[in-house]
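The lines below spell out each chain.
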Amino acid sequence: MPPRSLGEVVTQAEAQETPILLEIYAPWCPYCQKMQEAVYADSTVRATLDRQFTYARLNRDTTAGVHQFDGRTLSSKELGLALGARGVPTTVFMTPEGTPIAKQPGYIKRPMFLTMLRYFGSGAYEEQGFEAFRTQASE
């Protein structure tokens, strides 16, 4: 299946009024595969993503794909760089309109990932910092 364009993802997110979770990965990356198997495959993670996000993956190594971002037309590789993905995996949270909110490079363990999903999925990021949210969540 060819990568969906960011434009298509944004159209879907706006229709559903859900933030976007963009997973930037590379096929050769062991931590990307580990995140797919240990984190994204988890039933709680899947249910939260399905309910609260528009989820998409971006192969940072391919020059295929055409994406509109920031008034420019970019390949998948260029989009990954424009979103600040210096390494893979990088998880990017965006508004339904496609504006980046935050990015987290590297492998994220399931408990932390679920906290991040709740933080961005609930809109809490608009009112408080992540550390404050995390502290409250664990009390």
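Definitions and limits used
- Residues numbered from 1 in each chain as written.
- Predicted model: local features only at pLDDT ≥ 70, side-chain atom pairs only at ≥ 80, totals over all residues.
- Heavy atoms only, no water.
- Helix = DSSP H or I, 4+ residues; strand = E, 2+ residues; numbered from the N terminus.
- Rg over C-alpha atoms; globule rule 2.2 N^0.38 Å.
- Buried < 20%, exposed > 50% of the residue type's maximum accessible area, 1.4 Å probe, protein only.
- Areas by Shrake-Rupley, 256 points an atom, 1.4 Å probe, with all protein chains shown as cover.
- Lys, Arg positive; Asp, Glu negative; His and termini not counted.
- Charge placed at Lys NZ, Arg CZ, Asp CG, Glu CD.
- Pairing = 2+ DSSP bridges.
- Axes fitted to C-alpha atoms, helices over the stretch in contact; angles between N-to-C directions.
- Contact = heavy atoms within 4.5 Å.
- Expected span 1.5 Å × (residues − 1).
- Core = buried A, V, L, I, M, F, W, Y, C linked by side-chain atoms within 4.5 Å.
- Salt bridge = Lys/Arg side-chain N within 4 Å of Asp/Glu carboxyl O.

### Here's the deal with the overall build of the chain
In step 1: Scanning the chain from N- to C-terminus turns up six helices and six strands.
In step 2: Mapped from its N terminus to its C terminus, the chain presents α and β elements in the order α-β-α-α-β-β-β-α-β-β-α-α.
In step 3: A compact globule built from 139 residues should have a C-alpha radius of gyration of about 14 Å, and the chain, at 14 Å, falls within 12% of that.
In step 4: Oriented by its inertia axes, the alpha-carbon framework of the chain measures out at about 45 × 30 × 25 Å.
In step 5: Across the 139 residues in the chain, those meeting the buried criterion constitute 44%.
In step 6: Working note: accessible area of the chain is about 7500 Å², and carbon and sulfur atoms make up 50% of it.
In step 7: On the chain, the mean spot of the 14 positive side-chain charges and the mean spot of the 15 negative ones are 8 Å from each other.

### Quick word on the sheet that holds strand β2 (residues 54–59)
In step 1: Strands sit in the order β2-β1-β5-β6 across an open sheet of four strands; the sheet is mixed. Looking at which strands have only one partner, the edges of the open sheet turn out to be β2 and β6 (100–105). This sheet shows a mean twist of 20° between the axes of neighbouring strands, independent of strand direction.
In step 2: Here strand β1 (residues 20–25) pairs with strand β5 (residues 90–94) via five bridges, running antiparallel. When the bridges of β5 are listed, Leu22 appears paired with Val92.
In step 3: This element, helix α5 (residues 110–121), spans β1, β5 and β6 of the sheet and lies at about 15° to β5.

### Overview of α5
Three- or four-residue spacings in an α-helix give side chains the same orientation, since the helix completes a turn every 3.6 residues.
In step 1: Relative to the 16 Å expected for twelve residues at 1.5 Å per residue, α5 spans 16 Å between its end C-alpha atoms, a close match to the ideal helical length.
In step 2: The secondary structure elements touched by the buried residues of α5 are β1, α2 (30–40), α3 (43–52), β5, β6 and α6 (130–138).
In step 3: A positive phi of about 80° marks Gly123, the residue just after α5.

### Thoughts on the nonpolar core
In step 1: Grouped together as the largest cluster of nonpolar side chains are 21 residues, with contacts concentrated most on Ile20, Leu22, Ile24, Phe69, Leu79, Leu83 and Met94.
In step 2: Counting only elements with at least two residues in this core, the list comes to α1 (6–16), β1, β2 and β5.
In step 3: The contact partners of Leu83, leaving out residues within four places of it in the chain, are Leu22, Ile24, Phe69, Val92, Met94, Pro100 and Lys103.
In step 4: Of all hydrophobic cores here, the second largest spans 18 residues; its members include Tyr40, Leu114, Leu117 and Phe133.

### Here's the deal with the pattern of salt bridges
In step 1: Enumeration over the complete set of coordinates arrives at five salt bridges.
In step 2: In this structure, Glu131 and Arg134 form a salt bridge, with 3.6 Å as the shortest nitrogen-oxygen distance. Here Arg134 and Glu131 lie together in helix α6, a separation of three residues that amounts to about one turn.
In step 3: With a relative accessible area of 49%, Glu131 lands in the partly exposed category.

Everything listed is a geometric property; what it means functionally is a separate question.
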